[in-house]
Amino acid sequence: MENNYTNILEAKSRNQKLVALLLDPDKLANDSVAALVLKINQSPATHIFIGGSSFDGTHLDELIVLLKQKTSLPILLFPGNPTQISAEADGILFLQLLSGRNPDYLIEYQIEAVPILEKTNLEIISTGYILIESGSETAVERVSKTKPLDRNNADYVSQTAKAGEIIGNRLIYLEAGSGALNAVPLEMITVVSKRISVPLIVGGGIRSKKGIDDAFNAGADMVVIGTAFENDLNFFD
Ligand code: 1GP
């Protein structure tokens, strides 16, 4: 099944912007799902991402089954490691941490994931994941033991993104880190979006509707919102 990626490409070609809500299973009890999904269905979200830096995969299947009973939005895994794979989701962002030089996140975890993925029908969407310096250490930095890229060097970041595209990544994700002090700079979004052809996802530290619109206007095709919605279920109202 390749329809999730096709839908993202079609949205990009129509200039229809996409919003993914990131749910961290570590912060989500199964009994709070009903109220949450109600708000998600009323929001402009077009996708649900599920994952976290250190979550160990417990109750992931049940959580996704519960979500699927109450929403028709596509659910894509956004895994921090191979334990966060569930056959119940619609697809998976198969991440390669292009900003870092830790082999675990460049190839080891991907190899480890193969036999798990082979037992599922998940749509696999290879995604070049680029961590951008955002003012303080983020969970991705801590867990992956990698350094983010300089937020003032849009040229190098865009070169990295383009290398990811040439390698074969079908999405590029510019990440400031969950709860980041500073989101990805708008000028950087513009430079990267002009250099690559594949859809561009931007997330981390976006905590206002203006922040979302600014990222879209700068060239993001999809914006990811985690903390802002987690802290306030009325964020989109
Ligand atoms: C993190 O990009 C996402 O991986 C979302 O970040 O929690 O800051 O919205 P926030």
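Look up: the structure comes first, before these words.
Residues numbered from 1 in each chain as written. Predicted model: local features only at pLDDT ≥ 70, side-chain atom pairs only at ≥ 80, totals over all residues. Heavy atoms only, no water.

Peer 1: What's the story with the site of the ligand in this structure? I'm lost.
Peer 2: Close contacts around the ligand come from 14 residues, with Glu175, Ser178, Gly179, Gly205 and Thr227 the closest. With respect to the ligand, the backbone of Gly205 contributes an N or O atom lying 2.7 Å from an oxygen atom. When the free accessible area of the ligand is taken as 310 Å², the share hidden by the protein chains comes to 97%. Of all the elements in the fold, those that place two or more residues in the shell around the ligand are strand 6 (171-175) and strand 8 (222-225). Taken together, the residues of the shell around the ligand sort by class into 5 nonpolar, 8 polar and 1 charged. (Near = heavy atom within 4 Å. Polar contact = N/O pair within 3.5 Å; in protein donor to acceptor, adjacent residues only side chain to side chain. Areas by Shrake-Rupley, 256 points an atom, 1.4 Å probe, with all protein chains shown as cover. Helix = DSSP H or I, 4+ residues; strand = E, 2+ residues; numbered from the N terminus. Nonpolar A, V, L, I, M, F, W, Y, C, P; charged D, E, K, R; others polar.)

Peer 1: Even after reading the chapter, I still don't get the packing of aromatic side chains, so can you show me in this structure?
Peer 2: Aromatic ring pairs are described here by two measures, namely the spacing of the ring centres and the angle between the planes. As enumerated under the stated definition, the model contains 7 aromatic pairs in all. Consider the rings of Phe78 and Tyr173, whose centres lie 5.2 Å apart with planes at 10°: the pair is stacked. In this pair, Phe78 is assigned in the loop between strand 3 (75-77) and strand 4 (91-97) and Tyr173 in strand 6, connecting sequence segments 95 residues apart. Taking relative accessible area as the criterion, Phe78 reaches 8% and is therefore assigned buried. On the basis of relative accessible area, Tyr173 is assigned to the buried category, the value being 1%. (Phe/Tyr/Trp six-rings, centres within 6.5 Å; stacked < 30°, edge-to-face > 60°. Buried < 20%, exposed > 50% of the residue type's maximum accessible area, 1.4 Å probe, protein only.)

Peer 1: It is not clear to me how the nonpolar core should be interpreted in this structure. Could you clarify?
Peer 2: A general tendency of soluble globular proteins is for nonpolar side chains to be buried together. Among the nonpolar cores identified, the biggest contains 78 residues, and Phe49, Ile50, Leu93, Ile130, Leu174 and Ile225 are the most heavily contacted of them. Looking at which element gives the most residues to this core, the answer is strand 1 (residues 18-23), with 6 residues. (Core = buried A, V, L, I, M, F, W, Y, C linked by side-chain atoms within 4.5 Å.)

Peer 1: Where do I start with the pattern of salt bridges in this structure?
Peer 2: Side chains bearing opposite charge may pair, as long as their charged atoms lie close to each other. One pass over the full model with this rule turns up 9 salt bridges. Across the pair Lys27 and Glu230 runs a salt bridge, and its minimum N-O distance is 3.4 Å. Within this pair, whereas Lys27 is found in the loop between strand 1 and helix 2 (33-42), its partner Glu230 is found in helix 9 (residues 227-231), the two being separated by 203 residues in sequence. Each of the salt bridges in this network shares a partner with another, and the network as a whole consists of Asp24, Lys27 and Glu230. (Salt bridge = Lys/Arg side-chain N within 4 Å of Asp/Glu carboxyl O.)

Peer 1: Looking at this structure, I do not really get the sheet that holds strand 4. What am I missing?
Peer 2: Strand pairing within a sheet occurs via backbone hydrogen bonds; the two strands may be parallel or antiparallel. If you trace the 8 strands once around the closed barrel, you get 1-2-3-4-5-6-7-8, paired in parallel fashion. In this sheet, adjacent strand axes meet at a mean angle of 30° when their direction is disregarded. Both strand 1 and strand 2 (residues 47-50) contribute to a ladder of 4 bridges, which runs parallel. Its bridge partner lying in strand 2, Ala20 is registered against His47. The strands that helix 4 (residues 103-117) touches are strand 4 and strand 5 (123-131); relative to strand 4, the one it contacts most, it runs at about 155°. Packing against the sheet, helix 8 (residues 209-218) makes contact with strand 1 and strand 8, and its axis sits at approximately 155° to strand 8. (Pairing = 2+ DSSP bridges. Axes fitted to C-alpha atoms, helices over the stretch in contact; angles between N-to-C directions. Contact = heavy atoms within 4.5 Å.)

This is a description of form; function is not addressed.
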